[in-house]
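Here is what each chain is made of, one letter per residue.
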Amino acid sequence: MEKQARSMVASILLVLLSLSLTSPSARCQTVATAPAPAAAPAKSIRAVLTKAGQFTKFLQLLKSTQEEEQIDSQLKGKASSGGFTVFAPTDNAFTSLKSGSLNALSDQEKTSLVQFHVLSQLLPMAQFDTVSNPLRTQAGDTGRGKYPLNVTADGGGRVNISTGVVNATVDSTLFTGDRLVVYQVDKVLLPWKLYGPPVPPAPAPLPTVDKDKKKAGPVAVADGPEADSATASEAAPRGMRGLGVGLCGVAVAVAAAWCGM
């Protein structure tokens, strides 16, 4: 009986010893063979807008102007190429435009219109209240009557956008990534260059006055004409006196001749 007890204890000890030796290696093997999580695929602008819905017209313009291809190619490139912020108008926003607003544009103007909705920088919602206006879009020049875009935030999450032609509002954030942010806007952003009234030319600068002339004071008027008029007025009486003397001489000569006869 005593032998059996000892044998059972010895068996139990051997089992425990075996488990203590094999368990760590088994756990290490399990950890080592666990697959690493796959990296999330880069989001394309079409994938974002298609998933959100109601952006059919804007997607058509992105494709026809090749802006979609440009954005996606840079998103797939190196991180040093920067990010993008896209303001996406809904289909209702395009429906609200006046008839012929898009058809009247040339292909280049349509490209500029789409580029006016894209910033070549990542602009999260939190940065709208500190950004410097006007924002420079891919359309280019932000000068007077060109493509200025101004944003204002009221601090409560509401962001307003002004182009000088329309005032729009950011309705929601469709996507936020490390290189792409897409916002839904309630109106098509119409740039001044394409839809605004003609800008009057800047006024001509006022003529500058020479400082030396200003210090010298008024220029003295020449007295030549007055001298000439005085000479002429004096010459008239002298001429009359000469005429009188001549007539007297003629009279004397005539009288002398008469007497001699």
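Preceding this section is the structure that the text describes.
All figures in this text were calculated on a predicted structure; none of them were measured in a lab.

**Details of the sheet that holds strand β4 (residues 159–162)**
Each strand in a sheet pairs with its neighbour through backbone hydrogen bonds, running either in the same direction (parallel) or in the opposite one (antiparallel). In spatial order, the strands read β2-β1-β6-β5-β4-β3; together these six strands make up an open sheet with mixed pairing. The open sheet has two edge strands, β2 (118–119) and β3 (150–153), and neither has a second partner. Bridge count between strand β1 (residues 84–89) and strand β6 (residues 180–185): six bridges; the pairing is parallel. Considered in β6, the bridge of F87 is made with Y183. Strands in contact with helix α4 (residues 67–75) are β1, β2 and β6; relative to β1, the strand with the most contacts, it is inclined by about 145 degrees.

**Quick notes on the pairing of β1**
Of all six residues that make up β1, six are buried, and the element is covered over most of its length. The side-chain alternation of β1 yields two buried faces, one formed by F84, V86 and A88 and the other by T85, F87 and P89. Of the strand pairs in this sheet, β1 and β2 are connected by two bridges, and their pairing is antiparallel. By the bridge assignment, V86 is partnered in β2 with V118.

**Re helix α3 (residues 56–64)**
Residue pairs three or four apart in sequence face the same way in an α-helix, which turns once every 3.6 residues. Among the residues of α3, F58, L59, L61 and L62 are the ones counted as buried. Relative to the axis of α3, the buried residues are bounded by an arc of 160 degrees and lie together on one face. The outward face of α3, more than 90 degrees from its buried face, is lined by the exposed residues K63 and S64. Q66, located one to two residues past α3, shows a positive phi value of around 65 degrees.

**Examining unusual backbone geometry**
Cis geometry marks the peptide bond from N133 to P134; its omega dihedral reads -5 degrees. Looking at the element boundaries, P134 is found in the loop between β2 and β3. For Q54, which is not a glycine, the phi torsion comes out positive at approximately 55 degrees. For Q54, the position within the fold is in the loop between α2 (45–52) and α3.

**Re the side chain of S112**
Within the secondary structure layout, S112 lies in helix α6 (residues 107–115). Residue S112 is classed as buried on the basis of its relative accessible area, which comes to 9%. When neighbours within four sequence positions are excluded, S112 is seen to be in contact with A139 and Y147.

**What about the nonpolar core?**
Membership of the largest hydrophobic core comes to 45 residues, with the highest contact counts inside it found for L49, V86, F87, L149, I161 and V182. Among the elements that line this core, the one with the most residues is β6, at five residues. Setting aside chain neighbours within four positions, we find F87 in contact with F58, H117, L119, F128, L149, I161, V170, Y183, V185 and L189.

Rules used throughout
Residues numbered from 1 in each chain as written. Predicted model: local features only at pLDDT ≥ 70, side-chain atom pairs only at ≥ 80, totals over all residues. Heavy atoms only, no water. Pairing = 2+ DSSP bridges. Helix = DSSP H or I, 4+ residues; strand = E, 2+ residues; numbered from the N terminus. Contact = heavy atoms within 4.5 Å. Axes fitted to C-alpha atoms, helices over the stretch in contact; angles between N-to-C directions. Buried < 20%, exposed > 50% of the residue type's maximum accessible area, 1.4 Å probe, protein only. Arc of directions from axis to C-beta. Core = buried A, V, L, I, M, F, W, Y, C linked by side-chain atoms within 4.5 Å.

None of this, on its own, says anything about what the molecule does.
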